[in-house]
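Okay, here's what each chain looks like letter by letter:
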Amino acid sequence: GQEDAQEEVSCGVDTHAWVLWGGVVAAGLHVFEEYAEGWVRWVNEDMGARFGIHVTETEFFLISALLVFSALAAAAIGWWAPALSLSIPALFIINAVFFHMLPTVRGGRLTPGTLSAVFIYLPVAAWMYAAAADDDVLSFGTVVLSFILGAVLMAYPLAVIFARERIGWGAESAATDSHPTTQMKLGDQPEPATTAEAPAAAEDETAVITREEEPGSS
């Protein structure tokens, strides 16, 4: 039973707990795909217009670091607290369904990170729950609690960003992070303000010299 499984865990027999380390790899691959496909730009264009939020690249990396750290912590915990460690695969499922699959269906095009969410997150999450079941540390209560913890972990950074927009925290740093100068092409150089005035000044000097020479020529 589950008590025997917990007793085996206390003796160091974690038969399939190593599967949890796969969550760290899955999280890293998903973060890489999202960044490479422009998740920050997409979320600001899609969710920004509907919910009035703006995500900077700095915040994206902070959220990603939190995800990877949580996956590492879950793998280190193992089956000592299965509901806590299984909150990572629960987060994978929530992320894949509500933040990638549904937006893809609604928008009619793949959102950044959808491929890894469907083909990495979901299989790895099923593998992790199956490993817990094989080690007899999975129960209905554990599954429910893991999804609650996964939802909280998923919602926390979004709630902070939403609150920041409403309260006005970090408005200056958000504007700085946008780096408007990076929108210029590398070959573009701002022209000095005096270049447009130089030809006109030269024409005026030529006109003055011409008028001064006219009396002497007659």
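Let me sum up the structure you'll find in this document. (Residues numbered from 1 in each chain as written. Predicted model: local features only at pLDDT ≥ 70, side-chain atom pairs only at ≥ 80, totals over all residues. Heavy atoms only, no water.)

1. Brief notes about the packing of helix α2 (residues 22-36) against helix α4 (residues 57-77)
Orientation of α2 relative to α4, taken along the N-to-C sense of each, is 165°, at an axis distance of 8 Å. Relative to α4, α2 is oriented roughly antiparallel. The crossing of α2 and α4 is right-handed. Counting all contacts with α2, which are made through Gly23, Val24, Ala27, Val31, Glu34 and Tyr35, the residues of α4 involved are Glu57, Phe60, Phe61, Ser64, Leu67, Val68, Ala71 and Leu72. Looking at side-chain class alone, the contact of α2 with α4 contains 10 nonpolar, 2 polar and 2 charged residues. (Axes fitted to C-alpha atoms, helices over the stretch in contact; angles between N-to-C directions. Helix = DSSP H or I, 4+ residues; strand = E, 2+ residues; numbered from the N terminus. Parallel < 35°, antiparallel > 145°, perpendicular 65-115°, else oblique. Left-handed = near helix turned anticlockwise from the far one by under 90°. Contact = heavy atoms within 4.5 Å. Nonpolar A, V, L, I, M, F, W, Y, C, P; charged D, E, K, R; others polar.)

2. Describing the environment of Ala17
Note that Ala17 resides in the loop between α1 (2-10) and α2. A C-alpha to C-alpha distance of 9.8 Å links Ala17 and Trp80, two positions 63 residues apart in sequence. Beyond its immediate stretch of four places on either side in the chain, Ala17 contacts Gly78, Trp79 and Asp135.

3. Examining the side chain of Glu59
With respect to the helices and strands, the residue Glu59 is situated in helix α4. Once residues lying within four places of it in the same chain are set aside, the contact partners of Glu59 are His54, Ile161 and Arg164.

4. Describing unusual backbone geometry
Across the chain, the bulk of peptide bonds are trans and the bulk of non-glycine residues have phi less than zero. The phi dihedral of Asp136 is positive, around 60°, even though this residue is not glycine. When you line up the elements, Asp136 lands in the loop between α7 (114-134) and α8 (140-167). Using a relative accessible area of 33% as the deciding quantity, one classes Asp136 as partly exposed. (Buried < 20%, exposed > 50% of the residue type's maximum accessible area, 1.4 Å probe, protein only.)

5. Remarks on α8
For α8, built from 28 residues, the straight-helix expectation of 40 Å at 1.5 Å per residue is met to within 8% by its first-to-last C-alpha distance of 39 Å. Within α8, the axis deviates most sharply at Ala155, by approximately 30°, and proline Pro157 lies no more than four positions further along. Every buried residue of α8 is accounted for by Thr142, Ser146, Gly150, Met154, Pro157, Ile161 and Arg164. (Expected span 1.5 Å × (residues − 1). Bend = angle between axes of the 7 residues up to and from the residue.)

6. Observations regarding helix α3 (residues 39-51)
Remark: the principal bend of α3, roughly 25°, maps to Glu45. Here the buried face of α3 lies against α2, α4 and α6 (87-107). Remark: Gly52 follows α3 within two positions and exhibits a positive phi of approximately 70°.

7. Quick word on the pattern of salt bridges
Within this structure, the stated rule accounts for 2 salt bridges. One salt bridge in this structure joins Arg106 and Asp46, with 3.0 Å as the shortest N-O distance. Pair noted here: Arg106 is in helix α6 and Asp46 is in helix α3, with a separation of 60 residues, a long-range link. Under the relative-accessibility criterion, Asp46 is labelled buried at 19%. Among the ionic pairs, Arg164 bridges to Glu59, the shortest N-O distance being 1.9 Å. Taken together, the residues span a long stretch of sequence, with Arg164 in helix α8 and Glu59 in helix α4 at a distance of 105 residues. (Salt bridge = Lys/Arg side-chain N within 4 Å of Asp/Glu carboxyl O.)

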